[in-house]
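Architecture at a glance
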Amino acid sequence: QPGGNLLITLGADELIEMAGGDFAITYDPEVVKRVVSVTQTGLAANFPAPAFNDSGSGLLTIALSNDSEINGTGALLTIEVELQSNAPQGASPLTLADAKLNDSFGRDFITSFDDNQLTRQSGVITVGAESGGAENTIYLPVVSR
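This text gives an overview of the structure that appears in the document.

**Observations regarding the overall build of the protein**
When its secondary structure is counted, the protein shows one helix and seven strands. Helices and strands appear in the protein in the N-to-C order β-β-β-β-β-α-β-β. Within the protein, the proportion of its 145 residues that are buried is 39%. For the protein, the accessible surface area stands at approximately 7,100 Å², while carbon and sulfur atoms represent 46% of it.

Rendered as structure tokens:
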């Protein structure tokens, strides 16, 4: 609902030995007023708190790192946003514009390992009576060796 807060889950499928990542998420500033918080969850629950920067003009950047690696499929981060009180009704894109994953040595999964692939899947924010909930999900990479 306009003026309300929304929880967004950033998740990943088939991670292998991931110890960090840098993510860029774009949103419509006419819909999202500000990013309230970014917290680690799920697979990354034992990671230190992520660093994030909300440009206020539609770009959220997040850095997540740890000295131990994680494997598997699941949630990594929960992003809480506050919607504009006059947010237009309907669907608004929530785009995972960039994602880079690293192992504990800082090596990039895509450029350092020939057989890895990264696929980003974005989501939408739906404003209005039909939204009914306070949770959206966007998915990160599919990494396979």
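**Remarks on the pattern of salt bridges**
By the definition in use, this model includes four salt bridges. For lysine 100, the salt bridge is made with aspartate 98, and the minimal N-O distance between the two is 3.0 Å. Residue lysine 100 is classed as partly exposed on the basis of its relative accessible area of 40%. We classify aspartate 98 as partly exposed; its relative accessible area is 29%. Between arginine 107 and aspartate 103 there is a salt bridge, with its nearest N and O atoms 2.7 Å apart. You can call arginine 107 partly exposed: its relative accessible area is 37%.

**A closer look at the pairing of strand β4 (residues 59-83)**
As defined by bridge partners, strand β1 (residues 5-27) adjoins β4 across 17 bridges and the pair is classed as antiparallel. Looking at β4, one finds that leucine 10 is bridged to leucine 77. When strand β3 (residues 51-54) meets β4, the two strands line up antiparallel, connected through four bridges. Bridging across to β4, asparagine 53 finds its partner in threonine 61. Hairpin connection between β3 and β4: a loop of four residues separates the two successive antiparallel strands, and glycine 56 in this loop has a positive phi of roughly 80°.

**Points about the side chain of serine 92**
Within the secondary structure, serine 92 is located in strand β5 (residues 90-102). Judged by its relative accessible area of 5%, serine 92 is buried.

**Notes on the nonpolar core**
Counting residues in hydrophobic clusters, the biggest one holds 32 residues, and the most contacted among them are Phe23, Ile62, Leu77, Ile79, Val81 and Ile125. Taken together, the elements giving at least two residues each to this core come down to β1, β2 (32-40), β4, β5 and β6 (123-127). Setting aside residues up to four positions removed in sequence, valine 81 forms contacts with Gly4, Asn5, Leu6, Ile8, Val32, Arg34, Val35 and Val36.

**Points about unusual backbone geometry**
Its identity is not glycine, yet glutamate 14 carries a phi of approximately 55°, on the positive side. Residue class for glutamate 14 comes out partly exposed when judged on its relative accessible area of 44%. Of note in this structure, glutamate 17 is not a glycine but carries a positive phi near 55°. Looking at where glutamate 17 falls in the secondary structure, it is placed in strand β1. Since its relative accessible area comes to 34%, glutamate 17 is described here as partly exposed.

**Overview of the pairing of β6**
On any regular strand, side chains alternate: one points to one face of the sheet, the next to the other face. Going residue by residue along β6, you find Gly123, Ile125 and Val127 tucked away on one face and Val124 and Thr126 left uncovered on the opposite face. One ladder, built from five bridges, connects β5 with β6; its direction is antiparallel. Looking across to β6, one finds that glycine 90 is bridged to valine 127.

About the criteria used
- For every chain, the first residue of the written sequence is number 1, and numbering continues from 1 onward in sequence order.
- Only residues with pLDDT of 70 or above have their local features reported here, since the model is predicted, and side-chain atom pairs are shown and tallied only from 80 upward, although totals for entire chains, interfaces and linings are computed over all residues.
- Derived side-chain values reflect all non-hydrogen atoms in the structure, with water molecules and hydrogen atoms excluded from consideration.
- Numbered from the N terminus, helices here are DSSP runs of H or I no shorter than four residues, and strands are runs of E no shorter than two.
- Remark: exposure states derive from per-residue accessible area (1.4 Å probe, protein chains only) relative to the maximum for the residue type, with buried under 20%, exposed over 50%, and partly exposed in between.
- Using the Shrake-Rupley algorithm and a 1.4 Å probe, accessible areas are obtained, with residue cover drawn only from the displayed protein chains.
- Only one rule defines a salt bridge in this text: a Lys or Arg side-chain nitrogen within 4 Å of an Asp or Glu carboxyl oxygen.
- Only when DSSP finds a minimum of two bridges between them are two strands counted as paired.
- Only buried residues count toward a nonpolar core, which is a set of Ala, Val, Leu, Ile, Met, Phe, Trp, Tyr and Cys residues joined through side-chain atoms within 4.5 Å.
- Here, two residues are considered to be in contact whenever any of their heavy atoms come within 4.5 Å of each other.

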